[in-house]
Structure formats: structure tokens, C-alpha cells
Amino acid sequence: MKTYRAAIIGAGVIAKVHAKTLHENARTELVAIADIAEERVRELAAAYGAAPYTDYRVMIRERAPDIVIITLPHHLHQEAAIACASLGCHVLLEKPMALNAAECADIIEASIAHNVMMAIGHMQHYYPANQKAKEIVRSGRLGQLVAIHDRRHHPYFLPERPAWFLEKSLSGGGIVINIGSHSIDKIQWLTGSAVRQVKANLTFYGDRGNVEGSGIMFMQTSAGVTATVSLCGYRNITANETELLFTGGQLKIAGNKLWVSGSEREYEEILLDEPVEPFQAQWNDVLSVVDKGTGYVESAVYGQSVCAVVDAAYRSHESGAEELVTQFADSPAGAAR
Ligand SMILES: NC(=O)c1ccc[n+]([C@@H]2O[C@H](COP(=O)([O-])OP(=O)(O)OC[C@H]3O[C@@H](n4cnc5c(N)ncnc54)[C@H](O)[C@@H]3O)[C@@H](O)[C@H]2O)c1
């Protein structure tokens, strides 16, 4: 099996997880890591025997990685993804793909022009509970899926959160673009359909920065599924739960567990297969795409569809009305996978 040289741009919180993943992957050599924070990148690179850089363009020219993972603040995703594509690297770009869907279009264009893979890190696809839920949706065993309720309540303004997340010009927004992009992805991926309409109400009561701290959204997908998303980032709260309502039953994804409603209308846990660690599963998927040796933008077109829903949610809060999601393609390509 072919092995690949990989590099990471950004040595922050999630880069640590990616670096460990690459290090443990038999088909990958982690050759270099770049970050403008010199001490941070030296420390992470040293842990895995990789070369540290403070300029990612220099890193790519000198180390010529086959694949680069981009784990930068959101406002740098577009610039870095286009730079990597132009330098001939395949890319795994962290979610959200960019600040907005228009920026995503430029990334897709560059990926096509340079014939590289542009994969977006939509991790929800790699959690066993989500995979089993998608299998049950497709099987029709609980009847027709009619609604999804997704709740993510998680303190968002804690001191340890890097300041850029809370500055709209750098992050694109708060809990909606950051955590909500997982919720939107989950809804589209589980239903195999695109969100077409959104009504969103946001609040801005965070004690740091200028981004929203809650977002309640009401959505409709092209398959006729109604979805609600409740995102809340204020203090002393917690929830991470997705309910799927069918014509013949109910599923609940809670953390990494999956439950189904039984005949007595009580939940029973569905035992899942031994999971492959989700970041490792994602990376193996990336390698299988690169193995094919051709450009690949389906994941990026899908990533753009998620950003388009986020855009519509912010527009809806401003207008006070339900907003249609701008369509860039007939259907989100990755959603049907
Ligand atoms: N998939 C997931 O579950 C998941 C989880 C956490 C974060 N993320 C995403 O990963 C990305 C990074 O998030 P994070 O939490 O690791 O942020 P972070 O702030 O911890 O890391 C970002 C790093 O980028 C570096 N950086 C800034 N400008 C740079 C530049 N010009 N060149 C090189 N490095 C630069 C910073 O110094 C910092 O170390 C975001 O897109 C975030 O939404 C995804």
C-alpha cells in the first residue's frame, strides 16, 4: 500500500488530535507542522519527530507534502486552502469550510484548477452511533423519517477558548458557525438531503467577544424532513443529543450511544460494533480518496452546502424571516454517501 507524506498547518487544539492520528497511521509520515506561534509548533513537531515551520508556504516548498491538514482559524481557511491547492497538495480542511459559501466557491475553483482533493473535516460521518442511525434511516425499518431535533448545549465563552473564536471577523460568527455546522452536517448527512429553508433566532449575551452565544433554528430539507437545532453556549448547561422521529419509531443519539424506542415506548440501547477511532477513520477515508490519484471536490461541494445553511441562518436572524438557502449545486454531493 502506498504511503504518504503529510503536514499540518496550525498547531492548536485540534492539530494535536490530527498529529497523533497521522503518527499512528501506518500509511502516513508526518513530515512537518507550521504555526506562527513558534514555541507551540516546536513543541508539537518535536513530539512526533516532524520539522517545525513558522511559514506554511516555506514548509510546503521545502518538504513537499502530498497531503496537508489545515487547522487554522476560520478566516484563514480560504487563503490557506487555495495556497495548498496551488502548490499541488491534497487538502483535509477543518470545518467550517470557510467564513461563508462564497469563499467556499473560490476554494472549489482552485481545487478543480489544480486537480487536487479538497476534503472537509465533517467528523460526524465517522461516529459509529451516527453511522448506525444513517443505516436505519436508509433501511426504512422504522418507517419514514419525519423530523430531527438536535441539541448542543456547551459553555462557549470559557477563558480557555482562543480569542479568535469570539471575534466575528475572524470566526465568521459564534456557536452557529462553529458548533452549528456539525448540527447542519448531521441533519443533511443523516437525511441524505439538503437543508433548503431556515428560520433562526440568535442571542448575544456572551461575556467575551462579539459573536452569538445561542442559536435556535427551524429547518426544512429537500426530502421533506423538518429539523430543529438548539445551540446554547451560556453557563452551567449541557446537552449533546439528537432525536430522529419516524412514522414507526424513534431514535436517540446521545453522546456516542444510540437508542431506539421499543414497543413499550421506552428506549433500548442499540449495541454498536467496536468503533474505529473517528479521526483515524476520517484519515483512512482521505487516504482512500488520494489513492485514486485524481482531483476530488465532492466533499468541498458538500462543505459549501453546510456554509450556505449557516449563511442563511445569519440572514434569517437579521431579517426576522425564514430564509431560503442559496443553492450552489442540485444536491449536497457528500450527503448521499
Ligand atoms: N472537527 C472537530 O471536531 C473540530 C474540533 C475543534 C476545532 N475544529 C476546527 O479546527 C480549526 C482550528 O480550531 P482549533 O480549536 O484547533 O483552534 P486553535 O486556535 O487552537 O488553533 C489554531 C492555530 O492556528 C495558528 N495560526 C494562526 N494564524 C496562523 C498562520 N497564519 N499560519 C500558521 N498558523 C496560524 C494559531 O497560532 C493556532 O495555534 C477550526 O476550523 C475549528 O472550527 C474542529
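Residues numbered from 1 in each chain as written. Predicted model: local features only at pLDDT ≥ 70, side-chain atom pairs only at ≥ 80, totals over all residues. Heavy atoms only, no water.

Asks: Is there a simple way to explain the sheet that holds strand E14 (residues 267–270) in this structure?
Replies: Neighbouring strands of a sheet are bound in pairs by backbone hydrogen bonds; such pairs are parallel or else antiparallel. In spatial order, the strands read E14-E13-E12-E11-E7-E10-E9-E8-E15; together these 9 strands make up an open sheet with mixed pairing. Lying at the two open borders of the sheet, with one neighbouring strand each, are E14 and strand E15 (323–324). Against the sheet, helix H11 (residues 298–319) makes contact with strand E8 (195–203), strand E9 (214–221) and E15, and its axis sits at roughly 55 degrees relative to E8, the strand it touches most. (Pairing = 2+ DSSP bridges. Helix = DSSP H or I, 4+ residues; strand = E, 2+ residues; numbered from the N terminus. Contact = heavy atoms within 4.5 Å. Axes fitted to C-alpha atoms, helices over the stretch in contact; angles between N-to-C directions.)

Asks: What am I meant to see in the packing of aromatic side chains here?
Replies: The description of an aromatic ring pair uses the distance of the two centres, along with the angle that the planes make with each other. Applying the stated criterion across every chain yields a total of 4 aromatic pairs. Taking the centre distance of 5.7 Å and the plane angle of 80 degrees together, the rings of Tyr156 and Phe157 count as edge-to-face. Phe157 matches Tyr156 in its accessibility class, with the two residues each being buried. Ring centres 6.0 Å apart and planes at 40 degrees place the aromatic pair Tyr205 and Tyr234 in the tilted group. Of this pair, Tyr205 sits in the loop between E8 and E9 while Tyr234 sits in the loop between strand E10 (226–232) and strand E11 (239–246), and the two are 29 residues apart along the sequence. The exposure class assigned to Tyr205 is exposed, which follows from its relative accessible area of 65%. Since its relative accessible area comes to 19%, Tyr234 is described here as buried. Put simply, the rings of Tyr156, Phe157, Tyr205 and Tyr234 pair up and form one aromatic cluster. (Phe/Tyr/Trp six-rings, centres within 6.5 Å; stacked < 30°, edge-to-face > 60°. Buried < 20%, exposed > 50% of the residue type's maximum accessible area, 1.4 Å probe, protein only.)

Asks: Where do I start with the pattern of salt bridges in this structure?
Replies: Going through the model one piece at a time under the given rule, you end up with 8 salt bridges. With a closest N to O distance of 2.7 Å, Asp291 and Arg27 form a salt bridge. Residue Asp291 is found in helix H10 (residues 278–291), and its partner Arg27 is found in the loop between helix H1 (13–24) and strand E2 (28–34); the two are separated by 264 residues along the sequence. Classification of Asp291 by relative accessible area gives partly exposed; the value is 36%. (Salt bridge = Lys/Arg side-chain N within 4 Å of Asp/Glu carboxyl O.)

Asks: What should I look at first to understand the packing of helix H6 (residues 128–139) against helix H9 (residues 180–191) in this one?
Replies: A pair of packed helices is characterised by two quantities: the angle between their axes and the separation of those axes. At a closest axis distance of 9 Å, the pairing of H6 and H9 adopts a crossing angle of 40 degrees. With respect to H9, the axis of H6 lies oblique. Contacts between H6 and H9 involve Asn130, Gln131, Ala133, Lys134 and Val137 on the former and, on the latter, Lys186, Trp189 and Leu190. Tallied by class, residues from the contact of H6 with H9 come to 4 nonpolar, 2 polar and 2 charged. (Parallel < 35°, antiparallel > 145°, perpendicular 65-115°, else oblique. Nonpolar A, V, L, I, M, F, W, Y, C, P; charged D, E, K, R; others polar.)

Asks: Sorry if this is basic, but what is going on with the side chain of His18 here?
Replies: Here His18 is to be found in helix H1. Only 2.8 Å separates the side chain of His18 from the side chain of Glu94, close enough to count as a polar contact. His18 has contacts with Ile8, Ile69, Thr71, Leu92, Glu94, Phe279 and Gln282, leaving out every residue within four places of it along the chain. (Polar contact = N/O pair within 3.5 Å; in protein donor to acceptor, adjacent residues only side chain to side chain.)

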